[in-house]
Structures are given as structure tokens and as C-alpha cells.
Amino acid sequence: RWLTCKSLPPGALERIADTIADRLRVPWFSGAVKINVSLVPPLVLLPVFLHVAALHFLLGLIILTSLPVVVLWYYYLTHRRKERTLFFLSLGLFSLGYMYYVFLREVVPRGHVEYSQVVALTCGLILMLAALSRAKKDPGYLPIPAGIEKPSHQDLPNKNVRGSSSGLHGISGAASSRAVNGEAKGYCRMSAEQPEGVKKDWCTKCQLVRPARAGHCRLCGRCVRRLDHHCVWINSCVGEQNHQAFILALSFFMLTSVYGITLTLHTICRGRTPFVALLYCPGAYSDYSSALSFTCVWYCAIVTAGMGYILLIQLLNISYNVTEREARLALRDNTGRRLLGGLVIDTGQYNRGLLCNWGHFLSLGSSPPQRSAEDIV
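An unreviewed UniProt entry lists the chain under the name Palmitoyltransferase, with Pycnonotus jocosus given as the organism. As its UniProt record puts it under Subcellular location (unreviewed entry), the chain is described as follows: "Golgi apparatus, trans-Golgi network membrane". As stated in UniProt under Catalytic activity (unreviewed entry), the record for the chain gives "L-cysteinyl-[protein] + hexadecanoyl-CoA = S-hexadecanoyl-L-cysteinyl-[protein] + CoA".

Draft legend 1. Geometry of the overall build of the chain. Helix and strand counts for the chain stand at 13 helices and 10 strands. Among the 377 residues that make up the chain, the fraction classed as buried is 40%. Taking contacts inside the chain between residues at least 6 apart in sequence as the whole, the part at least 24 apart equals 64%. When the accessible area of the chain is evaluated, it comes to approximately 21200 Å², of which 63% is carbon and sulfur surface.

Draft legend 2. Here's a closer look at the packing of helix H2 (residues 40-53) against helix H10 (residues 288-319). Interaxial distance between H2 and H10 falls to 8 Å at its minimum, and their mutual angle equals 120°. Considering the angle they form, H2 stands oblique to H10. Where H2 crosses over H10, the handedness of that crossing is right-handed. Residue-level inspection shows Leu46, Leu50, His51 and Ala53 of H2 in contact with H10, the latter providing Tyr288, Leu292, Thr295, Cys296 and Tyr299.

Draft legend 3. Seen up close, the state of the cysteines. Tallied over the entire structure, the rule returns one disulfide. Shown here is the disulfide that connects Cys269 with Cys281, its sulfur atoms set 1.6 Å apart. Between Cys269 and Cys281, the S-S torsion sits near -100°, and that sign places the bridge as left-handed. One end of the pair, Cys269, is in the loop between helix H8 (243-268) and helix H9 (274-279); the other, Cys281, is in the loop between H9 and H10, with 12 residues separating them in the sequence. You'll find Cys269 and Cys281 in the same group, each marked buried. No disulfide involves Cys300; its sulfur sits 6.6 Å from that of Cys296, the nearest cysteine.

Draft legend 4. Fine view of unusual backbone geometry. Phi angles above zero are rare outside glycine, and Arg226 is one such case at about 45°. Tracing the backbone shows Arg226 in the loop between strand S6 (222-224) and strand S7 (229-231). A positive phi angle, near 55°, is found at Asn321, a position not held by glycine. With a relative accessible area of 5%, Asn321 lands in the buried category.

Draft legend 5. Main features of a nonpolar patch on the surface. Among the surface-exposed residues, Leu24, Val37, Val40, Leu43, Val44, Leu45, Val48, Phe49, Val52, Leu55, Leu59 and Tyr288 lie close enough to one another that they form a single nonpolar patch of about 930 Å² accessible area. The element that contributes the greatest number of residues to the nonpolar patch is H2, accounting for seven residues. Among the secondary structure elements, Leu45 is positioned in helix H2. Exposure remark for Leu45: the relative accessible area of 40% places this residue in the partly exposed category.

Draft legend 6. Here's a closer look at the nonpolar core. With 31 residues, the main nonpolar core has Leu50, Met99, Leu265 and Tyr299 as its most contacted residues. Secondary-structure elements contributing two or more residues to this core are H2, helix H3 (57-80), helix H4 (87-107), H8, H9 and H10. Counting residues in hydrophobic clusters, the runner-up holds 21 residues, among them Leu125, Leu132, Met307 and Leu311.

Parameters at a glance
- Residues numbered from 1 in each chain as written.
- Predicted model: local features only at pLDDT ≥ 70, side-chain atom pairs only at ≥ 80, totals over all residues.
- Heavy atoms only, no water.
- UniProt positions renumbered as here; feature names shortened; annotations may be inferred.
- Helix = DSSP H or I, 4+ residues; strand = E, 2+ residues; numbered from the N terminus.
- Buried < 20%, exposed > 50% of the residue type's maximum accessible area, 1.4 Å probe, protein only.
- Contact = heavy atoms within 4.5 Å.
- Areas by Shrake-Rupley, 256 points an atom, 1.4 Å probe, with all protein chains shown as cover.
- Axes fitted to C-alpha atoms, helices over the stretch in contact; angles between N-to-C directions.
- Parallel < 35°, antiparallel > 145°, perpendicular 65-115°, else oblique.
- Left-handed = near helix turned anticlockwise from the far one by under 90°.
- Disulfide = S-S within 2.5 Å.
- Patch = residues over 30% accessible without salt bridge, like charges linked within 9 Å, V, L, I, M, F, W, Y side chains within 5 Å.
- Salt bridge = Lys/Arg side-chain N within 4 Å of Asp/Glu carboxyl O.
- Core = buried A, V, L, I, M, F, W, Y, C linked by side-chain atoms within 4.5 Å.

Set out below in C-alpha cells:
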């Protein structure tokens, strides 16, 4: 019916896509292994697009302009549907590997890159991957009380549940039913016994009392201590336990990427500064090897600019001791101040000065983990 342009029943295309995703498997010794569909597009399309872009300057301009648009469209599509996807993590890791491969295959053989420079670039890449591996670990999930089924990414918060998924404070849903039985009063007494200024609230999805600055991630379906945001590039939340590793991974990526771009431009556009060579390199399309290297440089520059903006926002938020989640809520409730042209939102709630704010960030995860709500009760 689809091929003959006839109307389809509602949800037919979604069911077809789900069936294809379920049947996409690779034979293996212990049985067929299911492949996540979101892993495939970066592995196939990225090399094809970059090689096509290297054929002509205009093709490169069109492809390199459209790629960020497509990635942003896919991000908003999955974000609106509250879906978890490995597409961005796969794209990031494969981009790193493929750029490194092109560097070793097309740039190093030209003889203008020294052995020590290759070693330095490789060490930077390894350090970045090590920090990324640490950032992928537990961000600080709050333990789920016994008797509550562990949420999965299929059981994400629906649109009718508000409060916990958006990080709002207050008691609703299950909390109000507990109030009828008198159980909510115990939580209120517990909160009242906490030191002044420490605020706790109830999560209706995880059925627990979460500490101050903790929030519920609607994509992971879990509450996270000092939740900053859910990062699609690592397919995980950024919270109390992995925020430092996340900043470290971004920093190593920026240093390694800028260094690799500089080495490549010095090789294919000799005699020009990296910034001038990035904008004007007359001999870039004289041969296919130079054109492919120059195209990859521009692709790296676009990705580096995006990651640099993320790193800048993160560093500013740390300097004012505010998380992305708190800044978003402050904007919604009109309780924060826009500073530095709107790059940072100062809530003023936890800001204790630059040095104290950075000291607090560097000490994240060093304090003993808090007891769960079940143990406290």
C-alpha cells in the first residue's frame, strides 16, 4: 500500500520500522546478535558524505552545511519523543576513529608531521576516551526503594505525569495518596529535621525523597544526585558522580581536536596560519587526498565549535555554581538573572563566589553517598 501511494492504517510505518529493527541481526557463534539501528547510519553515511564532499568545493559546502541541520533535527525529534538513542554516541566515537584514520593515512605520509606530534595526538585521544569511559559510568543514581520496579527506557514518564519528569518540587500523584495514609507526614518531619537551607522533595516516579539539587531524568527514568542534564553524546545523565569526568572529556577533546586540525592545515596549506588556511587554502582541491583532508578538517572544525560552546556553558555554570537543570527551571519561573549576554543564568541559591564554587565542583563525589529514603524512613 505504501509503494502504491495508498493510505496506511495509523501506526503502520512505526510497526514496520520496529519489525525491521527487531530483525536486523548479525550471525554469531552463540546466536544471532541484534544490532541497534541507531548505530548504523553514522558508520555508513559519514564516510560516504565526506568522500562525496571531497569531490568538489560546492559539494563540500552543501554537505557540511546540511550535516549539522540533520543532526539537530534528529536530536529534537528524539528529545520530543523522550527516546534514548545511541546515534549521537556512535556518531561521536566513529567520527573520532575515522578522523584519526584519515590523519594517519592521508596527512602523516606527506612527511611534514613528526613522530612526536603523532604520539602527542594519540595520547590526547586516549586520555579523552578514558575520561569519556568514566563519564559513561554511574552519574549518581539514587537507589530505588525495595518493592519499586526498576524503570527501563521503555517505561519512560508519560505526558500525563508532571512534576518528577520536569524536576518540579512539591508532592503530587502518589505522594498525595500517601498523605491520606499519614505516610507523607513522616517525610515532612524528616525534611524539617534537615539543616536550614537544605531542601528535599518527593519523586512520584521513583517513589523516593530526593536530596537538594537532585532531579528526575525523563529519558533514563531515574533520579540523579545534582542532576545537570542528560547528554545525548554520552547517552547518559551528567550528575554528581561523573560531572568532573564529563568536563575532562570535553577539555581533552578540544585540545586534541584543535591540535589535529592545526597539524593537518600546516601540512596541506603550508605557509599559512591555521585560521587563514581554514578559510582560504588554494591548493586544497588540487588532488583528492588534500581535498579529503581539508573536508575532514572542516568537519572537525564544525564539531569542535559545537563542543566548545557546550564546554563554555559548562565552565560558566560551574563558576556560578548552577546546573543546566536549575538554569532551565529558573528561566521558566523567572527567578534567575541573565549574565554575560544570557550565556549563564545565576539563580543565586548556591553561588558562593568563584573560588568556593570551583572548590565545591572539584569536591563532587568525594563525600560519602547519602542514605536512601527507604533507610531513612
